[in-house]
Each structure stands twice: as structure tokens, then as C-alpha cells.
Amino acid sequence: MKHLLKDLNKAFENKVRLGIMSALVVNDYLDFNALKELLEVTDGNLASHLKSLEKSKYVTFKKEFRDRKPNTRYSVTKEGRSAFVKHIKAIEQLLK
Amino acid sequence: MNQNKYLRDLQDIKDIMSRSSRFISLSGLSGIFAGLFALGGAYAAYQTVYSGQDYLNHRYAVITRESLMTLLIIALVTLALSIGAGIFFTSRETRKQNEKVWDHQTRRLLINLAIPLVTGGIVCLILLLKGFVGIIAPLTLIFYGLALVNASKYTLNEVRSLGIIEIVLGLISLQFIGYGLLVWAIGFGVMHIVYGTMMQLKYKS
């Protein structure tokens, strides 16, 4: 039991962060508004969770301009993907 | 007690993954109507091609310049009606599920559907202008099937098997060109109605 809990990632304990990761691993990228609509959270809430995922190097972003409006595209990093997979595997093991 | 939390987490993960990567508001009704319009179109085309011939004797497909125009018009009207029904029923379904009609899933679905479809459309137009009328019906089936298989990654799973069926029907009718229109009516008409009904029953409840 102990070794299983070790694999559970604190970064994904939060519901919004879990949601962000779930969405990003199955999409090449999503922009801020797409994530916001998908997860039904406020701007500030989403931004702070994205920031913390960025800090753990699980998520990267690319800013660009579309129709002269700033648009930020988020995608998951290699580390983020493997950490997320590990987290899901740990949950599945726990539920067994 | 943690057990429940993690169970809920897994459920959330699955839900978000499917909602963010697949367009799931496809309405079965749009398939049924597209099928009915296709059958109507096929009947009209049949009347045009085989018009004015004795019913008892062997009948030839007769295509003149005028009937070619009529066929093109029939094809365009059928296409417009089917797309119209698709947009109408699907946007109604999307609103019902409180999702946006025009988001990045829709865009991605349509782009991936359009690439093989537009290619096929252009190929058929070129062949039609060069006088290869017989292989048009089989080719539309094949390209439509390829488009469905390509787009199925971004929507309901059923679309993939429908696409494969269309491809097989297209190949069969390419071999037996005399039955082109009949097989076309099966592929675009009957199959759409069958799949539309199936999806309507499966996802309605």
C-alpha cells in the first residue's frame, strides 16, 4: 500500500489540475478559453492552476496572435504525460 | 473513504478526455434524413438516366448533355438537403446538451472530414468532365468512406464502421459498374438510415 501512495502525484490531487491534464493528454493543444469552457472554471482559478502545472514543468504554453488578439495555446510536456500516466496507474492499482 | 474519491477522479478523467477530444452531439436524425434524401436523389437520377425506355426490354443508361446537367442538379440538391439536415439536427442536439456548436472539436472533425471529401469531389468532377460517368457513383462512395474513417477519430465510434462499409460498397460497385446507382442508393440511402436509427436509439436514452 505504501509504495502505491508514493506514485500518486500531489500535483494532480486538485480537481481542476486533474481536469487540465486529462484534457491536454488527448489533445495536441488547447487554448485558454477552450480549457475554461471545458472545465467550467473562472479565469483566475484556471490561470493559477495552469501556473502551478507550468512550475512543475508538466505543461508548456505558446503565446501567439490570432486576428490581433493574444491567444495562448497550452500543451502537455513529456514529463507531464509520464507523470499523469503514472498517477492514473497508481489510482487503478489502489482501486483493485 | 479515499476509494470513492479516486473512483470519482477516474470518472472525471474519462469524461473530460472524451468531451475534449470527440464531437459527441452527432444526431442520429441527421443520418436518417440524409439517407431519405439520398434515396430520393437516387430515384430521380434513375428516372433521368433510364427515361423513355420500354420497361420490358433491356434498358440502357442513356446520358446526354441535358441529362448530365439534370444529374448534376439532382446531386447538388441532394447534397445541400443532407448537409442542411445534418447542421439542423446536430446543432439542435448540441444546444440540448449545452455545448457549443462551433468549437475546436467541430472544427477538427469537419477539417478531417473535408480533406478526403473535397479531394474526392474534385476527382469526380474531373472524371465527369472527361466523360467517365460510370465510375462516379462508386468513387463518391469510396471517398466518402475514406472521409468517414478519417474523421471517426474525432467523433462517435460508429462512424468508423460506417466508413468501412461505404468503402467496401464503393469497391464492389466499381467492379460491377452496371449496379453503380443501386449500390450508391444502398450506401448513401439505406446505410445512413440504418446507422442513424441505431445511433438515435443508442444515444437518445
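**Considering the overall build of chain A**
A count of helical and extended segments in chain A gives 5 helices and 3 strands. The N-to-C order of helical and strand elements in chain A reads α-α-β-α-α-β-β-α. Its C-alpha atoms give chain A principal-axis dimensions of roughly 55 × 25 × 20 Å. The buried share of chain A, reckoned over its 96 residues, is 47%. In the structure as shown, chain A presents an accessible area of about 6000 Å², 52% of it carried by carbon and sulfur atoms. Looking at chain A, you have 20 positive and 12 negative side-chain charges, and the mean spots of the two groups are 6 Å apart.

**A look at the layout of surface pockets**
The calculated volume of the second largest pocket comes to roughly 1100 Å³. In terms of lining residues, the second largest pocket is bounded by 36 residues, among which A:Asp31, A:Ala34, B:Asp103, B:His104 and B:Arg107 are the most central. Elements that contribute at least two residues to the lining of the second largest pocket include exactly β1 (30-31), α3 (32-39) and β3 (69-76) of chain A together with α1 (2-21) and α4 (104-129) of chain B. Here the lining of the second largest pocket gets 6 residues from one element, more than from any other, and that element is α3(A). Its residues placed into classes, the lining of the second largest pocket shows 11 nonpolar, 10 polar and 15 charged.

**Focus: the confidence of the model for chain A**
Scored by pLDDT, chain A has a mean of 87; 94% of the residues are at 70 or more. Per-element averaging of pLDDT across chain A places helix α1 (residues 2-7) of chain A at the bottom with 64 and helix α4 (residues 43-55) of chain A at the top with 93.

**A closer look at the packing of α3(A) against α4(A)**
Residue and element names in this part refer to chain A. Where α3 contacts α4, the two axes come as close as 10 Å, and the packing angle between them is 110 degrees. With respect to their mutual orientation, α3 and α4 come out roughly perpendicular. Crossing angle aside, the handedness with which α3 passes α4 is right-handed. Only Asp43, Leu46, Ala47 and Leu50 of α4 make contact with α3, whose side of the interface consists of Phe32, Leu35, Lys36 and Leu39.

**Observations regarding the interface of chain A and chain B**
On the chain B side, the residues contacting the 21 residues of chain A number 16 residues. Between chain A and chain B, a total of about 1700 Å² is buried, with carbon and sulfur atoms accounting for 66% of that surface. Ranking the residues of chain A by area buried against chain B places A:Leu38, A:Ile91 and A:Leu95 at the top, with a combined share of 30%. Counting every contact that joins chain A to chain B gives 1 salt bridge. For B:Asp12, the salt bridge is made with A:Lys15, and the minimal N-O distance between the two is 2.7 Å. Viewed at the interface, chain B and chain A are joined by 4 residue pairs in polar contact (both at pLDDT 80 or more). Only α2 (15-25), α3 and α5 (78-95) of chain A provide two or more residues apiece to the side of chain A that touches chain B. Residue classes in the side of chain A that touches chain B are distributed as 14 nonpolar, 3 polar and 4 charged.

**A word on the packing of aromatic side chains**
As enumerated under the stated definition, the model contains 9 aromatic pairs over all chains in all. With centroids separated by 5.6 Å and ring planes inclined at 85 degrees, the aromatic side chains of A:Phe12 and A:Phe84 adopt a geometry described as edge-to-face. With a gap of 72 residues between them, A:Phe12 in the loop between α1 and α2 and A:Phe84 in helix α5 connect regions that are remote in the sequence. Looking at A:Phe84, the relative accessible area reads 1%, which means it is buried. Cluster of aromatic residues (ring-pair linked, three or more members): B:Phe33, B:Phe37, B:Phe88 and B:Phe89.

Rules used throughout
Residues numbered from 1 in each chain as written. Chains lettered and ligands numbered in written order. Predicted model: local features only at pLDDT ≥ 70, side-chain atom pairs only at ≥ 80, totals over all residues. Heavy atoms only, no water. Helix = DSSP H or I, 4+ residues; strand = E, 2+ residues; numbered from the N terminus. Buried < 20%, exposed > 50% of the residue type's maximum accessible area, 1.4 Å probe, protein only. Areas by Shrake-Rupley, 256 points an atom, 1.4 Å probe, with all protein chains shown as cover. Lys, Arg positive; Asp, Glu negative; His and termini not counted. Charge placed at Lys NZ, Arg CZ, Asp CG, Glu CD. 1 Å grid on protein atoms, 1.4 Å probe; cavity = no way out; pocket = protein on both sides within 12 Å on 5 of 7 lines; lining within 4 Å. Points joined across faces, edges and corners; volume = space filled by probe spheres on them. Nonpolar A, V, L, I, M, F, W, Y, C, P; charged D, E, K, R; others polar. pLDDT = per-residue confidence, 0-100. Axes fitted to C-alpha atoms, helices over the stretch in contact; angles between N-to-C directions. Parallel < 35°, antiparallel > 145°, perpendicular 65-115°, else oblique. Left-handed = near helix turned anticlockwise from the far one by under 90°. Contact = heavy atoms within 4.5 Å. Buried area = accessible area lost by both parts, 1.4 Å probe. Salt bridge = Lys/Arg side-chain N within 4 Å of Asp/Glu carboxyl O. Polar contact = N/O pair within 3.5 Å; in protein donor to acceptor, adjacent residues only side chain to side chain. Phe/Tyr/Trp six-rings, centres within 6.5 Å; stacked < 30°, edge-to-face > 60°.

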